[in-house]
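The residues making up each chain are set out below.
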Amino acid sequence: DQQVKQNSPSLSVQEGRISILNCDYTNSMFDYFLWYKKYPAEGPTFLISISSIKDKNEDGRFTVFLNKSAKHLSLHIVPSQPGDSAVYFCAVTYYGGSQGNLIFGKGTKLSVKP
Amino acid sequence: SQTIHQWPATLVQPVGSPLSLECTVEGTSNPNLYWYRQAAGRGLQLLFYSVGIGQISSEVPQNLSASRPQDRQFILSSKKLLLSDSGFYLCAWSGDNSGANVLTFGAGSRLTVL
């Protein structure tokens, strides 16, 4: 059973608009939430994270929102740029687990059209 | 600064042949090391992780094995490849023990088993 779900396999957005990527999780014990970005034929790169004690973290054009009651995580990209086109993975981890405790969703492919 | 190298970048192997993928990390000591696989249309699946030389934890039963002969070297192997072993293999390292466990990934190795 998937503990981390990204229900939208793809998303298309116009350049300059907002991109909203969503992620749902099942375990309330998760205490860190991360977003990774992946270009084709490359490894994922870390984008932004948020601790479970916060509900928002912002870094430039990227903002992550955490709704613990809904077990929902979202990544907002504003404004979206063509270079943002990539696959975005959300990931979760929990303190006190093993070092292999980073669990990834299946990813959402974002296409930003000029 | 830390860097991670992974090779080969691409390989095509016949069913039943052996496999060896190598990963090395520079600029850090005693990293946590990981092997992930991204199969077509699927997310990132953790295969193995290691917290030290000779210490390997396996997350899923499979046809693959991992070894860590040196502090900054991680090797993924198979004695006999199966068609289902095809995929994109990613090595990663982490020195973050704070809980967020941010991983830095290599560029990946594309394996096609025919």
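Everything discussed here concerns the structure shown above.
These numbers come from a predicted model, not from an experiment.

Analysis parameters
Residues numbered from 1 in each chain as written. Chains lettered and ligands numbered in written order. Predicted model: local features only at pLDDT ≥ 70, side-chain atom pairs only at ≥ 80, totals over all residues. Heavy atoms only, no water. Contact = heavy atoms within 4.5 Å. Buried area = accessible area lost by both parts, 1.4 Å probe. Salt bridge = Lys/Arg side-chain N within 4 Å of Asp/Glu carboxyl O. Polar contact = N/O pair within 3.5 Å; in protein donor to acceptor, adjacent residues only side chain to side chain. Helix = DSSP H or I, 4+ residues; strand = E, 2+ residues; numbered from the N terminus. Nonpolar A, V, L, I, M, F, W, Y, C, P; charged D, E, K, R; others polar. Buried < 20%, exposed > 50% of the residue type's maximum accessible area, 1.4 Å probe, protein only. Patch = residues over 30% accessible without salt bridge, like charges linked within 9 Å, V, L, I, M, F, W, Y side chains within 5 Å. Areas by Shrake-Rupley, 256 points an atom, 1.4 Å probe, with all protein chains shown as cover. Pairing = 2+ DSSP bridges. Phe/Tyr/Trp six-rings, centres within 6.5 Å; stacked < 30°, edge-to-face > 60°.

### Here's the deal with the interface of chain B and chain A
Argument step 1. Taken residue by residue, the interface counts 23 residues in chain B and 20 residues in chain A.
Argument step 2. Overall, the association of chain B and chain A removes approximately 1,700 Å² of surface from exposure, summing both partners, and the carbon and sulfur fraction of that is 60%.
Argument step 3. Between the two partners, chain B and chain A, sit 0 salt bridges.
Argument step 4. In this assembly, chain B and chain A are joined by 2 residue pairs in polar contact (both at pLDDT 80 or more).
Argument step 5. Breaking the side of chain B that touches chain A down by element, the ones donating at least two residues are β4 (32–38), β5 (44–52) and β9 (87–94) of chain B.
Argument step 6. Considering only residue class, the side of chain B that touches chain A consists of 13 nonpolar, 8 polar and 2 charged.

### Details of the pattern of salt bridges
Residue and element names in this part refer to chain A.
Argument step 1. In the structure shown here, the tally under the stated rule is 5 salt bridges over all chains.
Argument step 2. The salt bridge partner of Lys 56 is Glu 58, with a shortest N-O separation of 4.0 Å.
Argument step 3. Residue class for Lys 56 comes out partly exposed when judged on its relative accessible area of 42%.
Argument step 4. When salt bridges that share partners are traced, they join Lys 37, Arg 61 and Asp 84 into one network.

### Focus: unusual backbone geometry
Argument step 1. Here the residue pair A:Val78 and A:Pro79 is connected by a cis peptide bond, since its omega of -10 degrees sits within 30 degrees of zero.
Argument step 2. Within the element layout of this structure, A:Pro79 appears in the loop between β8 (72–77) and β9 (86–93).
Argument step 3. Cis rather than trans, the peptide bond between B:Trp7 and B:Pro8 has omega equal to -5 degrees.
Argument step 4. One non-glycine residue, A:Lys71, lies in positive phi territory at about 50 degrees.

### Brief notes about a nonpolar patch on the surface
Argument step 1. On the surface, A:Ile18, A:Ile20 and A:Val78 cluster together to form a nonpolar patch covering roughly 220 Å² of accessible area.
Argument step 2. Here A:Ile18 is to be found in the loop between β2 (10–14) and β3 (19–25).

### Here's the deal with the environment of A:Ser85
All names here are of chain A.
Argument step 1. As for its position among the elements, Ser 85 is in the loop between β8 and β9.
Argument step 2. By relative accessible area, which is 26% here, Ser 85 ends up partly exposed.
Argument step 3. Sequence separation between Ser 85 and Lys 37 is 48 residues, and the spatial gap between their C-alpha atoms is 9.2 Å.
Argument step 4. Non-local contacts of Ser 85, meaning those with residues more than four positions away in its chain, are made with Tyr 39, Leu 110, Ser 111 and Val 112.
Argument step 5. Polar contacts involving the side chain of Ser 85 include one to the main-chain carbonyl oxygen of Pro 82, which spans 3.0 Å.

### Structural notes on the pairing of strand β7 (residues 65–70) of chain B
Here is the key point about a regular strand: its side chains alternate between the two faces of the sheet.
Argument step 1. Of the pairings in the sheet, the one linking β7(B) to strand β8 (residues 73–78) of chain B comprises 4 bridges and is antiparallel in character. Bridged to B:Gln70 within β8(B) is B:Gln73.

### Notes on the environment of A:Tyr94
Argument step 1. Relative to the elements of secondary structure, A:Tyr94 occurs in the loop between β9 and β10 (103–104).
Argument step 2. Residues A:Tyr94 and A:Leu110 lie 16 residues apart in sequence; the distance between their C-alpha atoms is 27 Å.

### Brief notes about the packing of aromatic side chains
Two descriptors summarise a pair of aromatic rings, namely the distance from one centre to the other and the angle between the planes of the rings.
Argument step 1. If you walk through the whole model with that rule in mind, you get 12 aromatic pairs over all chains.
Argument step 2. Ring geometry for A:Phe104 against B:Phe105: centres 6.1 Å apart, planes inclined by 70 degrees, an arrangement best described as edge-to-face. With A:Phe104 in strand β10 and B:Phe105 in strand β10 (residues 104–105), this residue pair bridges two chains.
Argument step 3. Since its relative accessible area comes to 8%, B:Phe105 is described here as buried.
Argument step 4. Members of the aromatic cluster, joined through ring pairs, are A:Tyr36, A:Phe46, A:Phe89, A:Phe104, B:Tyr34, B:Tyr36, B:Tyr49 and B:Phe105.

### Description of the sheet that holds strand β7 (residues 62–67) of chain A
Residue and element names in this part refer to chain A.
Argument step 1. The strand order β1-β3-β8-β7-β6 describes an open sheet built from 5 strands, whose pairing is antiparallel. Each edge of the open sheet carries a strand with a single partner, namely β1 (4–5) and β6 (56–59).
Argument step 2. The pairing of β6 with β7 spans 4 bridges and is antiparallel. The partner of Asn 57 across the bridge, within β7, is Val 64.

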